[in-house]
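# Reading the structure
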Amino acid sequence: MDSIKCIGLLTSGGDAPGMNAAIRAVTRAAIYKGLEVKGILRGYRGLIFDEIVPFQSNSVSNIIQQGGTILKTARCQEFQTVEGRQIAYEALKRENIDALVVIGGDGSLTGARIFAQEYNYPIVGLPGTIDNDLQGTDLTIGYDTALNTIMQAVDKIRDTASSHERLFFIEIMGRECGNLALNGAIASGAEAAIIPEISIQQDQLADLISNGFRKSKNSSLVLVTEGDITGGAMAMAERVKIEYPQYDVRVTILGHVQRGGSPTANDRILASRMGAAAIDALLDGQRNVMIGIQNDVIVYVPFSKAIKKNKPIQQDLVDTLKILSI
Ligand code: F6P
């Protein structure tokens, strides 16, 4: 590919607050640099089912404050097949789209990586997911907003927990990544976080109880990652009811409330920086990388590294939570 004149832009996988700010940034930065922009609707589906619309600067007016994604999103089965990707490639050629910007999580970037390799096609990714489970970046777009939503929800649950002197297990999104639960617990002053990164090594509930976490407190809040191998908040509560019948236990599953809402200032700024950086990267000749941020500096992370499973958890956060919950 000689030079890039037109880019296509799509959001894929689970929506995340700040995706719209990223769409705005990519579109405006591309137009500023003299490129044409086409919006692809419903993720990779839009390439297969020909839902592609021209974008101007005003196509992205008034969206920086909105949650969700104006491009819509989907988890597309067809794109996982060789035939589906061939149809997608034909659509890109027909529409004269020279490069793609893909905003999404690990599934979306895995699709981007396969496609980019198969067709030697330039793609730059932006990490759009509340889970903060992508490697090579300190933060993902949507994570800060979700964390704030979790903190506010746990603050409210605390009122009931302390009034009734109950033990609450609160289930938090994040798939197999404990970042939301761990930092959500620190931010809301919860007693503990049950996270997959630690569950594989030790029985966190047994440790908590044997360390006497209920001895000095009448109420307790424990955040549990949904994908924890122990089975999540429900399983945890069932176990406590059998093993420690003296505790009055309740479960709250926060669910998709964590994915919605207006993005925080931090997410809007992150999305704006990353969106503009995606255009610079493409014009610079960067290919098949995700835009990341490390120590507040924009970096390029190869897709192969970004999508590696098991992002390490920061031990100092685990220690801080433990120390502060005495
Ligand atoms: O990846 C974002 C996320 O919200 C995960 O935390 C969660 O496991 C998953 O998406 C839920 O997906 P869906 O909205 O398709 O049920």
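One structure accompanies this document, and this report is about it. For every chain, the first residue of its written sequence is number 1, and the numbers climb from 1 along that sequence. Under the rules for a predicted model, residues below a pLDDT of 70 receive no local features and side-chain atom pairs below 80 are neither given nor counted, while totals for whole chains, interfaces and linings still include all residues. In computing side-chain values, all of the structure's heavy atoms are included and hydrogens and water are not.

### So, the nonpolar core
Condition: For this analysis, a nonpolar core means a set of buried residues of the types Ala, Val, Leu, Ile, Met, Phe, Trp, Tyr and Cys, connected via side-chain atoms within 4.5 Å. Note on classification: 1.4 Å probe, protein chains only; a residue is buried when its accessible area is under 20% of the maximum for its type, exposed when over 50%, partly exposed between these limits. Note: domain ranges come from an automatic or database domain assignment.
Within the largest apolar cluster, 62 residues are counted, with the highest numbers of intra-cluster contacts made by Ile7, Val101, Leu126, Ile170 and Leu223. If you count residues domain by domain, this core takes at least three from each of domain 1 (6-142 + 263-306) and domain 2 (143-259). Formed by 28 residues, the second largest nonpolar core is a distinct cluster that contains Ile48, Cys76, Val102 and Ala112.

### A few points about the layout of surface pockets
So the rule is basically this: Buried and open spaces are told apart on a 1 Å grid over the protein atoms alone, a cavity being a set of points where a 1.4 Å probe fits but cannot get out and a pocket being an open set with protein on both sides within 12 Å along at least five of seven lines. Residues with an atom within 4 Å of a point are the lining residues. Grid points are joined across faces, edges and corners, and a volume is the space filled by probe spheres set on the points. Charged residues are taken to be Asp, Glu, Lys and Arg, nonpolar residues to be Ala, Val, Leu, Ile, Met, Phe, Trp, Tyr, Cys and Pro, and polar residues to be all remaining types, Gly included. By the criteria applied, helices consist of DSSP H or I runs no shorter than four residues and strands consist of E runs no shorter than two, each listed in order from the N terminus.
Reported here for the largest pocket is a volume of approximately 810 Å³. Forming the walls of the largest pocket are 33 residues, and the residues nearest its centre are Ala193, Ile198, Gln202, Gln204 and Val318. The residue inventory of the lining of the largest pocket, partitioned by class, reads 16 nonpolar, 10 polar and seven charged. Considered as a void within the structure, the second largest pocket measures approximately 510 Å³ in volume. Residue lining of the second largest pocket: 30 residues in total, with Gly13, Arg75, Gly107, Ser108 and Arg175 positioned closest to the centre. Looking at which element gives the most residues to the lining of the second largest pocket, the answer is helix H4 (residues 106-119), with six residues. For the lining of the second largest pocket, the residue count by class is eight nonpolar, 13 polar and nine charged.

### Observations regarding the environment of Gly261
Secondary-structure assignment places Gly261 in the loop between strand S9 (249-253) and helix H10 (265-283). Taking C-alpha positions, Gly261 is 7.1 Å from Gln66, a pair spaced 195 residues apart along the chain.

### Re the site of the ligand
Our working definition: Nearness is judged by heavy atoms alone; a residue qualifies as near a molecule or strand once a single heavy atom is within 4 Å of it. N or O atoms closer than or at 3.5 Å make up a polar contact, with two conditions inside protein: a donor-capable atom paired with an acceptor-capable one, and, for residues adjacent in sequence, both atoms drawn from side chains. Method for areas: the Shrake-Rupley scheme with a 1.4 Å probe, in which residue coverage is limited to the protein chains shown. Any molecule with more than half of its atoms within 2 Å of a cavity's or pocket's grid points is regarded as sitting in that cavity or pocket.
As a matter of local geometry, the ligand sits amid Arg75, Thr129, Ile130, Asp131, Met173, Gly174, Arg175, Glu226, His256 and Arg259. Between Arg75 and the ligand, the recorded distance is 3.0 Å, taken from a side-chain N or O atom to an oxygen atom. Look at the ligand: alone it shows 400 Å² of surface, and the protein chains cover 74% of it. Among the detected pockets, the ligand sits in the second largest pocket. Split by residue class, the shell around the ligand holds two nonpolar, three polar and five charged.

### A few points about the pattern of salt bridges
Put simply, the rule is: The salt bridge definition used is simple: a Lys or Arg side-chain nitrogen within 4 Å of an Asp or Glu carboxyl oxygen.
Applying the stated criterion to the full structure yields 16 salt bridges. Residue Glu90 pairs with Lys93 through a salt bridge whose shortest N-O separation is 3.9 Å. In this pair, Glu90 and Lys93 are both assigned in helix H3 (residues 82-94), three residues apart and thus about one turn of the helix distant. Asp131 serves as the salt-bridge partner of Arg175, at 3.8 Å between the closest nitrogen and oxygen. On the criterion of sequence distance, the pair formed by Arg175 in the loop between strand S6 (167-172) and helix H6 (179-188) and Asp131 in the loop between strand S5 (123-127) and helix H5 (143-164) is long-range, its members being 44 residues apart. Beyond isolated ion pairs, a larger network of salt bridges with shared partners links Arg166, Asp248 and Arg250.

Function cannot be inferred from these measures alone, as they are strictly geometric.
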